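These are the residues of each chain, in order.
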Amino acid sequence: MNNRNDRLGLGWLGSVGVLLALVALWWVASNAGWVSRVFLPTPQATFASLLEGLNLSSGNSGNGELLAFTQATVGRMVEGWLLASLFGVLLGAAIGVSPAVRAWVQPTLEFIRPLPASALLPLAISIFGLNPGMVLFVVAFGAMWPVLLATVHGFAAVEPRLSEVARCLQMSRTAYIWKMGLPNAMPDILAGMRLALTIALIVAVVGEMIASQSGLGQAILLAARAFRASDLFAGIVLLGLIGFVSNALLALAEKRLLRWQQP
């Protein structure tokens, strides 16, 4: 146990060390003039823009725009991810529980799965128009595939003897899915949901850029067009923080939900 804790501690120290090294390289490159500050602002300027945008600067003189943009992007990400998780698990369970249905549907899934969600934005715009519902649909569609395929794989990998036990007990299909299939498929489902959360954030930002919807994607695009490098980097830092925090929270939830698997 102590060795495991020591390895975890060294891992965290190594991660922090790499991050500090990257920030130091950024500081040297911007302050030494290796790259023009028009394109690469200093870490200090980025941090100041971040505080101002979040309305956290001293004297409360910030505009708070980044805070509103962040709330809009996180809202789209979470809503799309929840919809993707719900439909992905439902469809995946219906497909994965039946070998015949898997054989029929698997080729179609493999055909549609590689399609990038951003490529469907023009089609979604023509159907739904330029509105928040359109971006939400594309986010949910793009994030659904990791959950769907992981659920299908999880149900397909259930021990065959469990199916025999369910038949001997005369369990209904719904009871089998809920009591046997879902617990055994849960590790795959949670792994798919973690990947889907990252995809939901990416697609939400791209959708905001293309569809001109309020959010960090639009803020980053406008900052780039106006050559406001510090605001641009502040938005990128925020996206990184959102991705890191959301993944860490889901990893913690996954660990608690799967603690019955731990020795």
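These lines cover the structure that appears in this document, whether it is placed above or below. Here the structure is a predicted model, which is why all the values come from computation and not from measurement.

**Regarding the overall build of the protein**
The helix and strand tally for the protein stands at 10 helices and 0 strands. Listed N to C, the secondary structure of the protein is α-α-α-α-α-α-α-α-α-α in terms of helices and strands. A principal-axis box enclosing the C-alpha atoms of the protein has dimensions of 75 × 60 × 35 Å. Considering the protein as a whole, with its 263 residues, one finds that 36% of them fall into the buried category. By sequence separation, contacts in the protein at least 24 residues apart represent 66% of the contacts at least 6 residues apart. Accessible area of the protein: about 15300 Å², with a carbon and sulfur share of 69%. Taking the average location of the 16 positive side-chain charges in the protein and that of its 11 negative ones, the two points are 7 Å from each other.

**Some words on helix α9 (residues 216–225)**
Turning to α9, its buried residues number three or more, namely Leu216, Gly217, Gln218, Ala219, Ile220 and Ala223. Of the residues one or two after α9, Phe227 is the one with positive phi, at around 55°.

**A word on the pattern of salt bridges**
Overall, the coordinates contain 3 salt bridges when judged by the stated rule. Arg194 is paired through a salt bridge with Glu254; the nearest N and O atoms lie 3.2 Å apart. Here Arg194 is found in helix α8 (residues 173–211), whereas its partner Glu254 is found in helix α10 (residues 229–257), with 60 residues between them in sequence. On the accessibility criterion, Arg194 (27% relative accessible area) is partly exposed.

**Notes on the packing of aromatic side chains**
All chains considered together, the criterion is met by 4 aromatic pairs. Seen in terms of ring centroids, Phe141 and Trp145 are 5.7 Å apart; in terms of plane orientation they differ by 85°. Their pairing is edge-to-face. Of the two residues, Phe141 and Trp145 both sit in helix α6 (residues 132–156), 4 residues apart, roughly one turn of that helix. When its relative accessible area of 8% is taken as the criterion, Trp145 is described as buried. Connected via pairs of aromatic rings, a cluster forms that spans Phe128, Phe137, Phe141 and Trp145.

**So, the environment of Ile125**
Here Ile125 is to be found in helix α5 (residues 121–128). Expressed as a C-alpha distance, the spacing of Ile125 and Trp145, which sit 20 residues apart in the sequence, is 21 Å. The contact partners of Ile125, leaving out residues within four places of it in the chain, are Leu130, Met134 and Ile210.

**Observations regarding the layout of surface pockets**
For the largest pocket, the calculated volume is near 450 Å³. Contributing to the lining of the largest pocket are 14 residues, with Leu19, Val23, Trp26, Val237 and Leu241 lying nearest its centre. Residue assignment for the lining of the largest pocket shows that the elements contributing at least two residues are α1 (2–31), α2 (43–53) and α10. Sorting elements by how many residues they give to the lining of the largest pocket places α1 first, with 6 residues. Residue composition of the lining of the largest pocket, grouped by class: 12 nonpolar, 2 polar and no charged. Taken as a whole, the second largest pocket holds about 360 Å³ of empty space.

**Thoughts on a nonpolar patch on the surface**
A cluster of nonpolar residues, Leu25, Trp27, Val28, Trp34, Val35, Val38, Phe39 and Phe227, forms a patch on the protein surface that exposes about 850 Å² of accessible area. Within the secondary structure layout, Val28 lies in helix α1. You can call Val28 partly exposed: its relative accessible area is 32%.

**A few points about the nonpolar core**
Core analysis: the largest hydrophobic core is formed by 48 residues, its most contacted members being Leu66, Trp81, Met134, Val138 and Leu216. Listed by contribution, the elements that provide at least two residues to this core are α3 (65–96), α5, α6, α8, α9 and α10. Here this core takes 13 residues from α8, the largest share from any one element. Among all residues touching Leu66, those that are not within four sequence positions of it are Ser49, Leu50, Gly53, Leu54, Leu216, Ala234 and Leu238. Formed by 5 residues, the second largest nonpolar core is a distinct cluster that contains Val158, Ala166, Tyr176 and Met180.

The rules behind these values
- Residues numbered from 1 in each chain as written.
- Predicted model: local features only at pLDDT ≥ 70, side-chain atom pairs only at ≥ 80, totals over all residues.
- Heavy atoms only, no water.
- Helix = DSSP H or I, 4+ residues; strand = E, 2+ residues; numbered from the N terminus.
- Buried < 20%, exposed > 50% of the residue type's maximum accessible area, 1.4 Å probe, protein only.
- Contact = heavy atoms within 4.5 Å.
- Areas by Shrake-Rupley, 256 points an atom, 1.4 Å probe, with all protein chains shown as cover.
- Lys, Arg positive; Asp, Glu negative; His and termini not counted.
- Charge placed at Lys NZ, Arg CZ, Asp CG, Glu CD.
- Salt bridge = Lys/Arg side-chain N within 4 Å of Asp/Glu carboxyl O.
- Phe/Tyr/Trp six-rings, centres within 6.5 Å; stacked < 30°, edge-to-face > 60°.
- 1 Å grid on protein atoms, 1.4 Å probe; cavity = no way out; pocket = protein on both sides within 12 Å on 5 of 7 lines; lining within 4 Å.
- Points joined across faces, edges and corners; volume = space filled by probe spheres on them.
- Nonpolar A, V, L, I, M, F, W, Y, C, P; charged D, E, K, R; others polar.
- Patch = residues over 30% accessible without salt bridge, like charges linked within 9 Å, V, L, I, M, F, W, Y side chains within 5 Å.
- Core = buried A, V, L, I, M, F, W, Y, C linked by side-chain atoms within 4.5 Å.

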